[in-house]
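# Residue-level structural notes
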Amino acid sequence: MRVLNLNAETKLTCLLGHPVKHSASPAIHNSSYRELGLNAVYLAFDVLRIDVAIEGLRELGAVGCNITIPHKEKVMELLDSLDERANLIGAVNVIKFGDELSGFNTDVDGVDYSLELLGIRSGESALILGAGGAARAVLASISGKFPKAYISSRDIGRVERLRELCLKLGIECIPLPWEARERALDRIELLVNATPLGTGGEGMPVDASKLSGIAVLDLVYNPPETELVRIARERGCRAIGGLKMLIRQAAVSERIWFGVEPDERVMEEAALRFLGGLHESSQGQRCDNSS
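Since this is a predicted model, take the numbers as computed values, not measurements. (Residues numbered from 1 in each chain as written. Predicted model: local features only at pLDDT ≥ 70, side-chain atom pairs only at ≥ 80, totals over all residues. Heavy atoms only, no water.)

On the basis of which strands lie adjacent, the open sheet formed by 6 strands has the order 2-1-3-5-6-4 and mixed pairing. Where the open sheet ends on each side, the last strands, each with one partner, are strand 2 (40–46) and strand 4 (81–82). Bridge count for strand 1 (residues 11–17) against strand 3 (residues 64–67) is 4 bridges, and the pairing is parallel. The residue of strand 3 that forms the bridge with Leu16 is Ile67. The strands touched by helix 1 (residues 25–36) within the sheet are strand 1, strand 2 and strand 3, with strand 2 carrying the most contacts at an inclination of about 170 degrees. The strands touched by helix 2 (residues 50–60) within the sheet are strand 1, strand 3 and strand 5 (94–96), with strand 1 carrying the most contacts at an inclination of about 180 degrees. (Pairing = 2+ DSSP bridges. Helix = DSSP H or I, 4+ residues; strand = E, 2+ residues; numbered from the N terminus. Contact = heavy atoms within 4.5 Å. Axes fitted to C-alpha atoms, helices over the stretch in contact; angles between N-to-C directions.)

Our focus in this paragraph is the sheet that holds strand 10 (residues 190–193). If you walk across this open sheet you meet the 6 strands as 9-8-7-10-11-12, and the pairing is parallel. Because the sheet does not close on itself, it has two edges, and the strands there are strand 9 (172–177) and strand 12 (238–240). The mean angle between the axes of side-by-side strands here comes to 15 degrees, regardless of whether they run parallel or antiparallel. In this structure, strand 7 (residues 125–129) lies alongside strand 8 (residues 148–153), joined through 5 bridges in parallel fashion. From the neighbouring strand, Ser125 faces strand 8, where its bridge partner is Lys148. This element, helix 5 (residues 133–142), spans strand 7, strand 8 and strand 10 of the sheet and lies at about 165 degrees to strand 7.

A word on the nonpolar core. Core analysis: the biggest nonpolar cluster contains 30 residues, and Leu139 and Ile142 have the highest contact counts within it. At the level of elements, helix 4 (107–117), strand 7, helix 5, strand 8, helix 7 (163–169), strand 10 and strand 11 (215–218) are the ones that each hand at least two residues to this core. Discounting residues that sit within four places of it in the chain, Leu139 has contacts with Ile128, Ala149, Ile151, Leu162, Leu165, Cys166, Leu169 and Ile171. Listed in part, the 22 residues of the second largest apolar core include Tyr150, Leu185, Val216 and Ile231. (Core = buried A, V, L, I, M, F, W, Y, C linked by side-chain atoms within 4.5 Å. Buried < 20%, exposed > 50% of the residue type's maximum accessible area, 1.4 Å probe, protein only.)

Our focus in this paragraph is helix 5. Helix 5 sits mainly inside the fold: 10 of its 10 residues count as buried. Where helix 5 is concerned, the buried positions are Gly133, Ala134, Ala135, Arg136, Ala137, Val138, Leu139, Ala140, Ser141 and Ile142. Its buried side turned inward, helix 5 meets helix 3 (84–89), helix 4, strand 7, strand 8, helix 7 and strand 10. Following helix 5 by one or two positions, Gly144 adopts a phi angle in the positive range, close to 90 degrees.

On to the UniProt feature "binding site: NADP(+)" (unreviewed entry) in the protein. Under the feature "binding site: NADP(+)" (unreviewed entry), the UniProt entry names Glu84, Gly130, Ala131, Gly132, Gly133, Ala134, Leu219 and Gly242. Spanning 159 residues, the named residues do not form one spatial group; their C-alpha atoms are separated by as much as 24.1 Å. Mapped onto the elements of the fold, Ala131 is located in the loop between strand 7 and helix 5. Leaving out residues up to four positions away in the same chain, Ala131 has contacts with Ser153, Arg158, Val159 and Leu162. (UniProt positions renumbered as here; feature names shortened; annotations may be inferred.)

Before going further, it helps to spend a moment on the environment of Val92. The topology assignment puts Val92 in the loop between helix 3 and strand 5. Separated by 18 residues in the primary sequence, Val92 and Lys74 place their C-alpha atoms 8.8 Å from one another. When near neighbours in sequence (up to four residues on either side) are disregarded, Val92 contacts Ile67, Lys72, Val75, Met76, Leu79, Leu82, Ala86, Gly103, Phe104 and Asn105.

What follows is about the pattern of salt bridges. It is possible for side chains bearing opposite charge to pair when their charged atoms get close. Taken as a whole and assessed by the stated rule, the structure comprises 19 salt bridges. Notably, a salt bridge pairs Glu73 with Arg158, separated by 2.5 Å at the nearest N-O pair. Residue Glu73 is found in the loop between strand 3 and strand 4, and its partner Arg158 is found in helix 6 (residues 156–160); the two are separated by 85 residues along the sequence. By relative accessible area, which is 29% here, Arg158 ends up partly exposed. Between Glu182 and Lys210 there is a salt bridge, and its shortest N-O distance comes to 2.8 Å. You can see Glu182 sitting in the loop between strand 9 and strand 10 and its partner Lys210 sitting in the loop between strand 10 and strand 11, a full 28 residues away along the chain. A relative accessible area of 48% means that Lys210 is categorised as partly exposed. Via salt bridges that share partners, Glu73, Arg136 and Arg158 belong to a single interconnected network. (Salt bridge = Lys/Arg side-chain N within 4 Å of Asp/Glu carboxyl O.)

Below you can see the structure in the form of C-alpha cells.
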C-alpha cells in the first residue's frame, strides 16, 4: 500500500457531525486514497455550527465532505444544488465543493446494497426505528418494495414530518410511539434500526428475543455485529449490520469527489482494523477503570 504524503497540494475531504469521535470514516477513506494513489486526506470534525463549518471548508478549498448526525437535513439550506434523490428525501450526506456547493445522498446506495445482501425484493410492511436522515434514506430504498411502513421514534413529531415523503414514495406511513414500537414486530417482514442505539454495544432498539422469521438491517456498524444482529441470527432471522452500508456510501462519495473507482475490499478491511482497535481500547479502559 502506498504511503500517504501530505503537502501543499493535498486535497481535503472530511466528515462533519456531532459526535464523530468513534467514526471509522477517516480510516476507510485514507486507506482508499493510499490504494488509489490520491494526494488527499480525510479528517473528522466534531461541529455544532454546520453553517460556519461549511463556509470554513469552502475558504480552505476542500474537495468535499460527508455529513452525519445531526446535520443531514439542516445542511440542505446551505447548498446551491441538490441531486434528485437528496431533494426528494430531504437529507444530504455528501457535499462536493466547487463553484457551487452540490448536495447528494449516497446513504440510499448503501441501504439498497444491504437489502440486496439480505435478499429483500418485496414485502407487505416494514418497521423503521428512527426518523432522521438515515430513516429517510431507508424509506427511499424500500419504495416500490414495501407499501406500508411503521415508523417509530422518541420524537413522534419527526415521524409525522415523514408523512409527506411517504406520500411521494407511495408508502403508507403508520407512526408508532416509541413505547409501542414492538407491537408491530408480528406484522412485518423487515426491521430497520436507523437509530444510534447499539453503538459501542450500548442499548438495544428492540427486545431481539421477540424476533422471528424476518429480515433485520441494523445501520449501526460499531461493533460490526451488534447485539441486535447477533440475537436476530440466533432466532433464525436474516440479519446484517451497518458496515456494508457504510462502505458502499463511502465508495460512492469518492466517485463523486474524485471520479475514481475505489476498492471496497480495502475500505472494509480498514474499517475492521479500526473497529478492532477501538474495541481493544475500550476494553482496556474498562480494565483500568475497574482496578
